[in-house]
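A look at the structure
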Amino acid sequence: MTTAAEAQVRRTPVRPAPTYSSSSATDGVRFGIRAGVNVADFSGDAVDTFKDFAALGNGALTQEMKPGFYAGLYATLPLGPRFAIEPGLGYSEKGVKLNGRIPFEQFNFLNAKLDGTARLAYLDIPVLAKAYITDGLYVYAGPQASLLLSGKARVKASAFGFTAYQNDFDIKDRLQTLDFAVVGGLGYQSQNGFGLSAGYDYGLVSLDKNNNFDIQNRVIKASLNYSF
């Protein structure tokens, strides 16, 4: 004879424990490709340093963030249902933009402008720890080493909408070959392999090889990825 309590137990559905499937690192090692955009800047004495490169007058320029491209490869190594280690390798464009007007009132009628851009290209090597909040949604953080591939600077002066002066500089030999950063962010990885992420790179090393100025890379990044 079945008691009321037993009947109630039988009717109550058993909720399965939450699973963290292919989007959460339980399917073994997975490899992937990633591509996206960087929005980069310098911290520290960046404006003064760039003026030194370009021999521009004091007070002529203001600092802006520079867009760039990012693409790379990665491997996701599971450490359990909610944790993984993800080493990677990627090409990353960083730098800064500067612009302003020639700081002399007598030239205001010319609408004379000064523009400067530092374009740095790096090989980024991050090693990230990923922790899954829910199935697919994760946070990540870890160290990153970056090898400088190229360093260019361009200075341009214009008036009445026409370029009056332009000069390009190779500044790679003035910069540190290796940069180190702490990176972190948030991402989502779907079970069909596609995902997206957004994060921030906080540079720890002064980029000036001669230690005359204190400059660090700062990068906001967003990317799409595919794991297979």
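Preceding this paragraph is the structure being described.
The structure reproduced in this document is the subject of the present report.

Cut-off values and rules
- Residues numbered from 1 in each chain as written.
- Predicted model: local features only at pLDDT ≥ 70, side-chain atom pairs only at ≥ 80, totals over all residues.
- Heavy atoms only, no water.
- Helix = DSSP H or I, 4+ residues; strand = E, 2+ residues; numbered from the N terminus.
- Buried < 20%, exposed > 50% of the residue type's maximum accessible area, 1.4 Å probe, protein only.
- Contact = heavy atoms within 4.5 Å.
- Areas by Shrake-Rupley, 256 points an atom, 1.4 Å probe, with all protein chains shown as cover.
- Pairing = 2+ DSSP bridges.
- Core = buried A, V, L, I, M, F, W, Y, C linked by side-chain atoms within 4.5 Å.
- Phe/Tyr/Trp six-rings, centres within 6.5 Å; stacked < 30°, edge-to-face > 60°.
- Lys NZ or Arg CZ within 6 Å of the ring centre and 35° of its normal.
- Lys, Arg positive; Asp, Glu negative; His and termini not counted.
- Salt bridge = Lys/Arg side-chain N within 4 Å of Asp/Glu carboxyl O.
- Polar contact = N/O pair within 3.5 Å; in protein donor to acceptor, adjacent residues only side chain to side chain.

This part is about the overall build of the chain. Counting its secondary structure elements, the chain contains two helices and 10 strands. If you list the helices and strands of the chain from N to C, you get α-β-α-β-β-β-β-β-β-β-β-β. Looking at the chain as a whole, 42% of its 228 residues are labelled buried. Sequence separation of 24 or more characterises 69% of the internal contacts of the chain that already satisfy a separation of 6 or more. Counting every atom, the chain has about 12,300 Å² of accessible surface; 62% of that belongs to carbon and sulfur.

Quick look at unusual backbone geometry now. Of note, the phi angle at Asn-211 is positive, near 60 degrees, even though the residue is not glycine. Inspection of the secondary structure puts Asn-211 in the loop between β9 (194–203) and β10 (215–227).

Before going further, it helps to spend a moment on the pairing of strand β8 (residues 178–189). In summary, the side chains of a regular strand alternate between the two faces of the sheet. The sheet contact formed by strand β6 (residues 137–159) and β8 spans 11 bridges and is antiparallel. Residue pairing for β8: Leu-147 is matched across the bridge by Leu-178. Counting the residues between successive antiparallel strands, the hairpin from β8 to β9 contains four residues, one of them, Gly-193, with a positive phi of roughly 105 degrees.

Attention now moves to the nonpolar core. Among the nonpolar cores identified, the biggest contains 11 residues, and these are Phe-42, Val-96, Ala-118, Leu-120, Tyr-122, Leu-148, Ala-153, Ile-171, Leu-175, Leu-207 and Ile-215. Put simply, the parts of the chain that give this core at least two residues each are β5 (113–132) and β6. At three residues, the largest contribution of residues to this core is made by β5. Leu-128, Tyr-138, Tyr-140 and Val-183 belong to the second-largest nonpolar core, a separate cluster that totals five residues.

With that settled, the discussion passes to the environment of Ala-131. Along the chain, the position of Ala-131 falls in strand β5. The exposure class of Ala-131 is partly exposed, given its relative accessible area of 24%. Sequence separation between Ala-131 and Pro-81 is 50 residues; the distance between their C-alpha atoms is 9.3 Å.

Glancing now at the environment of Tyr-138. Relative to the helices and strands, Tyr-138 is located in strand β6. Along the chain, Tyr-138 and Ser-197 lie 59 residues apart, while their C-alpha atoms are 9.2 Å from each other. In contact with Tyr-138, other than residues within four places in its own chain, are Lys-130, Ala-131, Tyr-132, Ile-133, Gly-185, Leu-186, Gly-187, Tyr-188, Gln-189, Leu-196 and Ser-197.

What follows deals with the packing of aromatic side chains. On inspection of all chains with the given rule, the structure shows four aromatic pairs. Relative to Tyr-226, the ring of Phe-194 lies with its centre 4.7 Å away and its plane at 55 degrees, an arrangement referred to as tilted. Residue Phe-194 is located in strand β9, and its partner Tyr-226 is located in strand β10; the two are separated by 32 residues in the primary sequence. One aromatic cluster is present, formed by Tyr-132, Tyr-138 and Tyr-140 through successive ring pairs. Over the ring of Tyr-74 we find Arg-34, and its NZ or CZ is 4.4 Å from the ring centre. Here the guanidinium or amino end of Lys-94 rests over the ring plane of Tyr-122, the centre of that ring lying 4.6 Å away.

What follows covers the side chain of Asp-179. Structurally, Asp-179 is set in strand β8. Despite its burial, Asp-179 pairs with no opposite charge, the nearest such side chain being Lys-94 at 4.7 Å. Polar side-chain contacts of Asp-179 include one of 3.1 Å to the side chain of Asn-217. When neighbours within four sequence positions are excluded, Asp-179 is seen to be in contact with Tyr-122, Gln-144, Ala-145, Ser-146, Leu-204, Val-205, Leu-207 and Asn-217.

Distance from Phe-194 to Asn-225, taken between C-alpha atoms, is 5.8 Å for residues 31 residues apart in sequence. If near-sequence neighbours (up to four positions away) are discounted, Phe-194 is found in contact with Tyr-188, Gln-189, Asn-225 and Tyr-226.

Scanning all chains against the criterion turns up six salt bridges. One salt bridge connects Glu-86 with Lys-130, and the closest N-O pair in it is separated by 2.9 Å. One end of the pair, Glu-86, is in strand β4 (residues 83–101); the other, Lys-130, is in strand β5, with 44 residues separating them in the sequence. With respect to burial, Glu-86 and Lys-130 carry one shared label: buried. One connected set of salt bridges, linked through shared partners, spans Arg-34, Glu-86 and Lys-130.

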